[in-house]
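# Breakdown of the fold
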Amino acid sequence: MEKTLVILKPCTIQRGLIGEIISRFERKGLQLAGMKMIWLTDNILSEHYAHLKEKPFFQRIKDAMSVCPVIVCCWEGVDAIHVVRQLAGATNGRNAQPGTIRGDFSMSVQENIVHASDSPETAAIELKRFFNDDELFDYRMNNLLATYAND
Ligand code: GDP
Ligand code: MG
């Protein structure tokens, strides 16, 4: 089982898409391990987007990520990191496949609905960045989720 970080970006909150997007992950069969609303600071965004610090749009994405609170979620499941990236779709909403979250809801590179961790290493770092240990929950949902690992 893996855990991965998803952030519902301010554009998602502003457009009233919170339920729609959470529903995508839920219906897929991922298990919600943690969720909260937070207002991101410039400091935490500089850390989170450090890989883009040389880009001309660095300050712009940090500003866009702090116009209102975001919702951070931890989703759990077999291959959850890959599965969530697949559900999110390509970074640029205009290139993302229809049927993906970005493909269905975004016409923008920047305002692309969700952040999703891109590897086991970044998922571990990003979950630590946004959640304390006591904010992530292990619980049993049903027997099926555990059996997928044996597919
Ligand atoms: P992701 O992993 O698919 O989210 O993409 P990246 O890690 O490469 O970029 C992080 C975020 O920066 C993206 O989700 C976009 O919101 C934003 N971003 C990436 N490329 C661009 C760009 O060319 N212009 C702008 N304005 N924002 C971008
Ligand atoms: Mg990324």
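This text follows the structure it describes.
Presented here is a report on the structure given in the accompanying data block. Model, not experiment: these values are computed from the prediction.

For the chain, the count of helices and strands is eight helices and four strands. When the helices and strands of the chain are read in sequence order from the N terminus, they spell out β-α-α-β-α-α-β-α-α-β-α-α. Computed over C-alpha atoms, the radius of gyration of the chain comes to 15 Å, within 12% of the 15 Å expected from 2.2 N^0.38 for 151 residues, which places it in the range of a compact globule. Intrachain contacts of the chain at a sequence separation of at least 6 include 72% that bridge at least 24 residues.

This part is about the environment of A124. Within the element layout of this structure, A124 appears in helix α7 (residues 120–130). Judged by C-beta crowding, with 16 C-beta atoms within 10 Å, A124 ranks as partly exposed. C-alpha of A124 to C-alpha of K3: the two residues are 121 residues apart in sequence and 7.9 Å apart in space.

Looking now at helix α5 (residues 80–88). What α5 keeps buried is the set A80, I81, V84, L87 and A88. Along the long axis of α5, the arc covered by the buried residues comes to 130 degrees, so they all point the same way. Buried residues along α5 sit against β1 (2–8), α2 (18–28), β3 (70–77), α6 (101–105), β4 (114–116) and α7.

A word on the sheet that holds strand β2 (residues 31–38). Taken together, four strands build an open sheet; the order of strands is β2-β3-β1-β4 and the sheet is antiparallel. Sheet topology places β2 and β4 at the edges, where each strand pairs with a single neighbour. The sheet shows a mean angle of 20 degrees between the axes of neighbouring strands, taken without regard to direction. Pairing geometry for β2 and β3, over seven bridges, is antiparallel. Along β3, the bridge assignment pairs I38 with V70. In the packing of α2 onto the sheet, the strands contacted are β1, β3 and β4, and the crossing angle to β1 comes to about 165 degrees.

Attention now goes to the site of ligand 1. Around ligand 1, the surrounding shell consists of L52, F57, R60, I61, T91, V109, Q110, N112, H115 and D118. For the shell around ligand 1, the class distribution of residues is four nonpolar, four polar and two charged.

Calculation rules
- Residues numbered from 1 in each chain as written.
- Chains lettered and ligands numbered in written order.
- Predicted model: local features only at pLDDT ≥ 70, side-chain atom pairs only at ≥ 80, totals over all residues.
- Helix = DSSP H or I, 4+ residues; strand = E, 2+ residues; numbered from the N terminus.
- Rg over C-alpha atoms; globule rule 2.2 N^0.38 Å.
- Contact = placed C-beta atoms within 7 Å.
- Buried ≥ 20, exposed ≤ 12 C-beta atoms within 10 Å, placed from the backbone.
- Arc of directions from axis to C-beta.
- Pairing = 2+ DSSP bridges.
- Axes fitted to C-alpha atoms, helices over the stretch in contact; angles between N-to-C directions.
- Near = placed C-beta within 6 Å.
- Nonpolar A, V, L, I, M, F, W, Y, C, P; charged D, E, K, R; others polar.

Limitation: the analysis is restricted to geometry and does not speak to function.
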